[in-house]
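Okay, here's what each chain looks like letter by letter:
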Amino acid sequence: MEDNILEIGQKLKDLIWENPLKGSEELIFFVKRHANRSSLRQMAIMLKFEHQNAQNEESRSSIMMQMIDLIEDVIHLYNESKLKEEIQEIEAKGQIEANYLSQKLPSQRETVCACDHIRKSFKRGGFQLQDVQFSIDLGKIVGVVGENANGKTTLFRILVGELKPDQGNLRFPALGQPEWNKLNWYKLKNQISYVPQDLPVWHGNLKDNLHYEAATHGLTGEANEDAVDYIIARLGLNPHVHKKWNQLSGGYKLRFALAKALVWKPKFLVIDEPLANLDIKSQVVFLSDLKSLAQSIRHPIAVLISSQHIHELESIVDQVVFMRQGQVLYQGESAKLKMLSQENVFELSGDLNWQEIQDKLRGFEYIRMENAGLGKVIIRTPLHVGRKEILQAFLEHDIDIHYFRDISQSTKTLFYENS
Amino acid sequence: MSTHTTLIPEPNERIYELLTQNELEKAIKELLSYVADASSDRLHLREALTISQLYYETGRPEKSQNSPSRPNSWPNQKEILQRIFNLLNTLEAPIN
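Residues numbered from 1 in each chain as written. Chains lettered and ligands numbered in written order. Predicted model: local features only at pLDDT ≥ 70, side-chain atom pairs only at ≥ 80, totals over all residues.

1. Here's the deal with the overall build of chain B
- Of the regular secondary structure elements, chain B holds four helices and zero strands.
- What you see in chain B, going N to C, is helices and strands ordered as α-α-α-α.
- In chain B, once contacts between residues fewer than 6 apart in sequence are set aside, the share between residues at least 24 apart is 44%. (Helix = DSSP H or I, 4+ residues; strand = E, 2+ residues; numbered from the N terminus. Contact = placed C-beta atoms within 7 Å.)

2. Here's the deal with the overall build of chain A
- A count of helices and strands for chain A gives 16 helices and 13 strands.
- Overall, the C-alpha framework of chain A stretches about 80 × 70 × 45 Å when taken along its three principal axes.
- Here chain A holds 419 residues, and the buried ones make up 34% of them.
- Considering only intrachain contacts with a sequence separation of at least 6, the fraction spanning at least 24 residues in chain A is 70%. (Buried ≥ 20, exposed ≤ 12 C-beta atoms within 10 Å, placed from the backbone.)

3. Topic: the packing of helix H2 (residues 24–38) of chain B against helix H3 (residues 42–59) of chain B
All names here are of chain B.
- The interhelical angle for the contact between H2 and H3, taken along N-to-C directions, is 165°, at an axis separation of 9 Å. Between H2 and H3, the angle is such that the two are roughly antiparallel. In the packing of H2 onto H3, the handedness of the crossing is left-handed. Residues Leu24, Glu25, Ile28, Leu31, Leu32, Val35 and Ala36 of H2 form the contact with H3, whose own contacting residues are His44, Leu45, Ala48, Ile51, Ser52 and Tyr55.
- Residue classes in the contact of H2 with H3 are distributed as ten nonpolar, two polar and one charged. (Axes fitted to C-alpha atoms, helices over the stretch in contact; angles between N-to-C directions. Parallel < 35°, antiparallel > 145°, perpendicular 65-115°, else oblique. Left-handed = near helix turned anticlockwise from the far one by under 90°. Nonpolar A, V, L, I, M, F, W, Y, C, P; charged D, E, K, R; others polar.)

4. Focus on unusual backbone geometry
All names here are of chain A.
- The backbone of Glu273 sits at a positive phi, close to 50°, despite the residue not being glycine.
- Relative to the helices and strands, Glu273 resides in the loop between strand E6 (268–271) and helix H11 (280–294).
- Of note, the phi angle at Asp398 is positive, near 55°, even though the residue is not glycine.
- Relative to the elements of secondary structure, Asp398 occurs in the loop between helix H15 (387–396) and strand E13 (403–406).
- For Asp398, a count of 7 C-beta atoms within 10 Å corresponds to the exposed category.

5. As for the environment of Phe256 of chain A
Residues and elements named next belong to chain A.
- Looking at the secondary structure, you find Phe256 in helix H10 (residues 250–262).
- Judged by the 25 C-beta atoms lying within 10 Å of it, Phe256 falls in the buried class.
- Phe256 sits 122 residues away from Phe134 along the chain, and the two C-alpha atoms are 29 Å apart.
- Phe256 has contacts with Leu206, Leu237 and Leu248, leaving out every residue within four places of it along the chain.

6. A few points about the environment of Ser59 of chain A
All names here are of chain A.
- Among the secondary structure elements, Ser59 is positioned in helix H4 (residues 57–79).
- For Ser59, a count of 13 C-beta atoms within 10 Å corresponds to the partly exposed category.
- Between the C-alpha atom of Ser59 and that of Ala227, which follows or precedes it by 168 residues, the distance is 42 Å.

7. A short note on the sheet that holds strand E11 (residues 368–373) of chain A
All names here are of chain A.
- Here four strands make up an open sheet; going across it, the order is E11-E12-E10-E13 and the pairing antiparallel. The two strands at the open ends of the sheet, each matched to only one other strand, are E11 and E13. Averaged over neighbouring strand pairs, the angle between their axes works out to 20° when direction is ignored.
- As paired strands, strand E10 (residues 343–349) and E13 are joined by four bridges and run antiparallel to one another. (Pairing = 2+ DSSP bridges.)

8. Examining helix H9 (residues 221–234) of chain A
- Across its 14 residues, H9 of chain A extends 20 Å between first and last C-alpha, which sits within 8% of the 20 Å expected from 1.5 Å per residue.
- At its buried positions, H9 of chain A is contacted by helix H8 (206–216) and H10 of chain A together with H2 and H3 of chain B.
- At the exit of H9 of chain A stands Gly236 of chain A, carrying a positive phi of roughly 65°. (Expected span 1.5 Å × (residues − 1).)

9. With respect to helix H3 (residues 38–53) of chain A
- With 16 residues, H3 of chain A should reach 22 Å at 1.5 Å per residue; the first-to-last C-alpha distance of 23 Å fits that figure.
- Within H3 of chain A, the full set of buried residues consists of Leu40, Arg41, Gln42, Met43, Ala44, Ile45, Leu47, Lys48, Glu50 and His51 of chain A.
- The inward-facing, buried residues of H3 of chain A contact helix H2 (20–34) and H4 of chain A together with helix H1 (11–20) and helix H4 (74–92) of chain B.

10. With respect to the sheet that holds strand E2 (residues 128–137) of chain A
All names here are of chain A.
- Across the sheet, three strands lie side by side as E2-E1-E4; this open sheet has antiparallel pairing. Where the open sheet ends on each side, the last strands, each with one partner, are E2 and strand E4 (167–171). On average, each strand axis in the sheet is inclined to that of its neighbour by 5°, with strand direction left out of account.
- Here four bridges tie strand E1 (residues 111–121) to E4, and the two strands are oriented antiparallel to one another. In the sheet register, Asp116 faces E4, and the bridge partner there is Asn169.
- Each of E1 and E2 is contacted by helix H6 (residues 152–159), which is oriented at about 120° to E1, the strand it contacts most.

11. Focus: the environment of Leu237 of chain A
- By secondary structure assignment, the location of Leu237 of chain A is in the loop between H9 and H10.
- Its 21 C-beta neighbours within 10 Å are what place Leu237 of chain A among the buried residues.

12. With respect to the packing of H8 of chain A against H10 of chain A
All names here are of chain A.
- Contact geometry for H8 and H10: axes closest at 9 Å, N-to-C directions at 25°. The angle between the axes of H8 and H10 places the two elements in the roughly parallel class. Viewed along their axes, H8 and H10 form a crossing whose handedness is right-handed. Facing H8, whose interface residues are Leu206, Asn209, Leu210 and Glu213, H10 presents Phe256, Ala259 and Lys260.

13. A look at the nonpolar core
- Counting 106 residues, the largest nonpolar core has Leu27, Ile231, Ala259 and Val303 of chain A together with Leu31 of chain B as the members making the most contacts within it.
- Ranked by residues supplied to this core, first place goes to H2 of chain B with eight residues.
- Excluding residues within four positions of it along the chain, Val303 of chain A makes contact with Ile141, Leu269, Ile271, Leu290 and Ala294 of chain A.
- Ranked by size, the runner-up nonpolar core spans seven residues in total, among them Phe346, Leu348, Ile379 and Ile390 of chain A. (Core = buried A, V, L, I, M, F, W, Y, C linked by C-beta atoms within 7 Å.)

Here it is in structure tokens:
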């Protein structure tokens, strides 16, 4: 690598003159790879920002010269054997840091909530939650999916103590209640936060409400101030802190509800259909914030979340629970579904004539084709017929599609199973 | 001694990556998480909160022409970046 660094450095210099934007980005990677020193990485990042914001050609040229100087510095430092030793030392310290943190941290493998053979029936409507079993660990996110009226909200309300199950057992080991059904709900509710689908209206401004919420969970003085300011900043609510209920959009009402639910640092968050009223961009921000907060090292949270937005949900959850008619039909990693399955499943849509597509794919090896309505088609193929083969067949037979997705590793396949 | 190091993310690394991608707002959010996890010093948290506040008040680029006009946010962004780096250096210092 030592022999190469001069060559790589020269290529990078050329790139900086040819395409400064790309060059400045590559410079950051170059510094990271060859001189993993914070001060140099910070300098590279600063130069990138400075170049983007330079007002004239003269400033841009000057910044590019500084980038070239930085490359020279990195090459020089890299070639000094002292630096290599330093890198080894830093790596060793990284290990020390990791060990040091792991000593202080709560175990994220601890089970927060476990339920065993939970049943609940309602006389009106005849709905039954049947024999539900599952568990969730600290720092993990479990997504509950299923069609409407299949028992998700009923299950959530049982887990947060709003409904009593007819039968079955519950325990919350990480919340200090490890024995089945010996539950002190007063203590439990001080560690469980529930965000229902229909958000309650609140009065006053957002910030005051958060101070109040934190205070009702025992946070006073500086601790209250820090907790409120932290959750506001962490969820990007700063520009809205003085707003009232009717001044916030649906997306921000939900973010506020999340802030309220998390400001007092619960260990278990249950959140019902939060994505329903969010646009795609807001969904991404919301879910990535949720994942980051759940995986906090010092205050990990177990999150149970339901949604109909399966792909978005699956992008952040550790496990999926699929429910149908009050029963859990699957719990596990969605990627493992493929290992259990004997087929690939593809979802596609377009201006498709059902008969025409069947005619054109005659001779193509597939197991079953289903018309899911509104121009959507589900095709199941044997495991050896994958994405590449099916797309090739579409091209060869001139089948025009505008949406295609391999859902073999998604719980969405379960929605298309015969109910 | 427990050494389940796979559970330890590298938040400062994530911050650098987000900055490389020009994602200043996300980097500040990660910084807040990092500070909350890595330090029990209230001053560190307050500094991260000040950085976040500065960003929303002065450093956030204009999103649309309808939003209130904001003077060139780069000098403020530069100060925010410097403060982020200073805080990262401070947090890394006791271990190094």
